[in-house]
Amino acid sequence: LVKLAIWRPDVVFTKGGYVCLPVGIAARVLRIPLVIHDSDAHPGLTNRILARWASSIGTGAPLEYYSYDRRRAHYVGIPVSERFKPYSDEEQARAKAEWGVEADRPLLVVTGGGLGAARINQAVAQSLKKLQRCASVVLVAGAGQYDALRAELPPDSERFQLYPFVTNMHSLLGAADVVVTRAGATTILELAALAKPTILIPNAKLTGGHQMKNAAVYE
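Residues numbered from 1 in each chain as written. Predicted model: local features only at pLDDT ≥ 70, side-chain atom pairs only at ≥ 80, totals over all residues. Heavy atoms only, no water.

## A look at the overall build of the protein chain
Consideration 1: Along the protein chain, the regular secondary structure elements total eight helices and 12 strands.
Consideration 2: Projected onto the principal axes, the alpha-carbon positions of the protein chain cover approximately 55 × 45 × 35 Å.
Consideration 3: Across the 219 residues of the protein chain, 39% fall into the buried class.
Consideration 4: Taking as baseline every contact in the protein chain between residues at least 6 positions apart, the subset at least 24 positions apart corresponds to 49%. (Helix = DSSP H or I, 4+ residues; strand = E, 2+ residues; numbered from the N terminus. Buried < 20%, exposed > 50% of the residue type's maximum accessible area, 1.4 Å probe, protein only. Contact = heavy atoms within 4.5 Å.)

## Quick word on the environment of Ala183
Consideration 1: For Ala183, the position within the fold is in the loop between strand E8 (178–182) and helix H8 (185–194).
Consideration 2: Between the C-alpha atoms of Ala183 and Gly113, which are 70 residues apart in sequence, the distance is 9.0 Å.
Consideration 3: In this structure, Ala183 is in contact with Ile188, Leu200, Ile201 and Pro202, ignoring residues within four places of it in sequence.

## Description of the pairing of strand E7 (residues 160–163)
Consideration 1: Alignment of strand E6 (residues 136–140) against E7, held across four bridges, turns out to be parallel. Within E7, the residue paired with Leu139 across the bridge is Leu162.
Consideration 2: Between E6 and its parallel partner E7, the chain crosses via helix H6 (residues 143–152), and the hand of that crossover is right-handed. (Pairing = 2+ DSSP bridges. Right-handed = clockwise from strand over helix to strand, strands pointing away.)

## Digging into helix H5 (residues 118–132)
Consideration 1: For H5, which comprises 15 residues, the first-to-last C-alpha distance of 20 Å matches the rise-based estimate of 21 Å (1.5 Å per residue) to within 8%.
Consideration 2: At Gln126, H5 shows its largest kink, close to 55 degrees.
Consideration 3: When we look at burial in H5, the residues that qualify are Ile120, Asn121, Val124, Ala125, Leu128 and Gln132.
Consideration 4: On its buried side, H5 packs onto strand E5 (107–111), E6, H6, E7, E8 and strand E9 (198–201). (Expected span 1.5 Å × (residues − 1). Bend = angle between axes of the 7 residues up to and from the residue.)

## Section: the packing of H5 against H6
Consideration 1: Remark: H5 packs on H6, axes separated minimally by 12 Å, with the N-to-C direction vectors making an angle of 10 degrees. Comparing their axes, H6 and H5 come out roughly parallel. The residues of H6 that touch H5, namely those facing Ala118, Asn121, Gln122 and Ala125, are Gln145, Leu149 and Glu152.
Consideration 2: Residues of the contact of H5 with H6, tallied by class, amount to three nonpolar, three polar and one charged. (Axes fitted to C-alpha atoms, helices over the stretch in contact; angles between N-to-C directions. Parallel < 35°, antiparallel > 145°, perpendicular 65-115°, else oblique. Nonpolar A, V, L, I, M, F, W, Y, C, P; charged D, E, K, R; others polar.)

Here it is in structure tokens:
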């Protein structure tokens, strides 16, 4: 609130993460126009709250999937950085060299998103030796789970690396031969732009007391 009061921006733009909620509320209090964007077809709690005050709402999917006010909502799709593009064999080899993994082995990149995913992390930890028989592995575990995994897993090498978070994700995904990831809307489009073979793991839901274990695969 203090920073927005000092900066006095002309508009505040948020994407729906939980950290956006206090920023959006501060914009409301200070009467700064708020624009929100929803990448997912099922709006999260933050966007559902902020939508009542937003001057304009952008959606990643057609408006029929949302209950937003149609006078303020606009179907704009999901922006993807131009850095996410198909890598040539030479570009992929250079990316592998930058990340310090073996150039002549397939690279499996596993990520649970910015916050990580405990079950994905544990699945990799339990099967790491088997995975390394056929590929190098890079696991982006999320900051909250990194320390525990670091103590459990082997040190970084050309065949395994563990990160809490990665800022230049386009380069890591460009180096990959196969990607395993949660099925976030932006992530799906970034991987499609990279043309990477991918295993997508949807968020688990409970149905009739049983956990859904379906996964989507595309190449």
